[in-house]
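Per-entry structural report
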Amino acid sequence: MSDVNVQRRQFLKTSAGVAAIAIAPGMLLLEAAHGGTEAVTNKLRWGMLIDTTSCKEGCRECVTACNKENGLSGGVSPTDSQWIRKVELKDLHGGRTLSLPMMCQHCEHPPCVDVCPTAASFKRDDGIVLVDRHRCIGCRYCMMACPYKARSFVHEPLHDQNPDVPRGKGTVEACSMCVHRVDRGQLPACVEACPNKAILFGNLNDPGSEISKKIRTVASTQVRADLQLNTGIRYQGL
């Protein structure tokens, strides 16, 4: 057994380790892998502003980048995981069409977290909603609770995974906002890949951030704002 495995087992046996995992499942594994020491706080709230007027019909670069980064097959059958899907909208009265990416909306008040019986679904202090696959029992209550149909269930065994994005058969998963990249100071893969610069990523809690300034100057919409979930994903031109 490697030294890393021995240390991990010893850590999990300590009461402090168990408490830490209960408070923030998944975070310590990320810190161990990348050496991160800075705590996640609510001074940050990561979010995205998606400009639907710049998002081009037929363009799937964000979807392709997400699939590649997170080890998804790219299939679109009901049993395939889709963390981002392109949605084509048409106004039946005026004929106007829109194309936009739909993913987990990283709600401030996420219904998926409320219904999860094992605390596998959780929201970090910086607003990113995640699933701890070690706690997930595959009940899929969260999938039923999500008004955005943004979660997928892993039906088949997985191979050749990205070590930074552990996934598992029999568990639920969704857009993680590329948390492994964000915690390193990088952009989510979809943001970086968009050729039209339609996705703006940043700190919604910082009035001086580019995304906050943009939201103050343009009309933006939350999908299903009537649910009062205060989503972290906003849409311009919707």
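Whatever comes next refers back to the structure up there.
In this text the structure is predicted, and so the values were computed from the model without any measurement.

What counts and what doesn't
- Residues numbered from 1 in each chain as written.
- Predicted model: local features only at pLDDT ≥ 70, side-chain atom pairs only at ≥ 80, totals over all residues.
- Heavy atoms only, no water.
- Helix = DSSP H or I, 4+ residues; strand = E, 2+ residues; numbered from the N terminus.
- Buried < 20%, exposed > 50% of the residue type's maximum accessible area, 1.4 Å probe, protein only.
- Polar contact = N/O pair within 3.5 Å; in protein donor to acceptor, adjacent residues only side chain to side chain.
- Contact = heavy atoms within 4.5 Å.
- Disulfide = S-S within 2.5 Å.

What follows deals with the side chain of Thr 231. Relative to the assigned elements, Thr 231 resides in the loop between strand 9 (220-221) and strand 10 (233-236). On the basis of relative accessibility, which here comes to 1%, the residue Thr 231 falls in the buried class. Separated by 3.0 Å, the side chain of Thr 231 and the backbone oxygen of Ile 233 make a polar contact. Once residues within four sequence positions are removed from consideration, Thr 231 is found in contact with Arg 45, Gln 105, His 106, Cys 107, Tyr 148, Gln 222 and Val 223.

Moving on, we come to the side chain of Asp 132. Of note, Asp 132 is situated in the loop between strand 5 (129-131) and helix 6 (141-145). Engagement of the side chain of Asp 132 in a polar contact is seen with the backbone nitrogen of His 134, the distance being 2.9 Å.

A positive phi angle, close to 70°, is found at Arg 140, a residue other than glycine. Looking at where Arg 140 falls in the secondary structure, it is placed in the loop between strand 5 and helix 6. Positive phi values are uncommon outside glycine, yet Asp 160 reaches one of about 50°. Examined against the element boundaries, Asp 160 turns out to sit in the loop between strand 6 (152-153) and strand 7 (172-173). Since its relative accessible area comes to 80%, Asp 160 is described here as exposed.

With that settled, consider the environment of Ala 198. Topologically, Ala 198 is positioned in the loop between helix 8 (189-193) and strand 8 (199-203). On the basis of relative accessible area, Ala 198 is assigned to the buried category, the value being 3%. Contacts of Ala 198, omitting those with residues within four sequence positions, involve Leu 49, Ile 50, Asp 51, Ser 54 and Cys 55.

Moving on to the state of the cysteines. For the structure shown, the criterion picks out zero disulfides. With no disulfide of its own, Cys 116 lies closest to Cys 139 among cysteine sulfurs, the gap being 6.1 Å. When its relative accessible area of 16% is taken as the criterion, Cys 116 is described as buried. Free cysteine Cys 190: the closest other cysteine sulfur is in Cys 178, separated by 6.2 Å. Look at Cys 190 and you get buried, because its relative accessible area is 5%.

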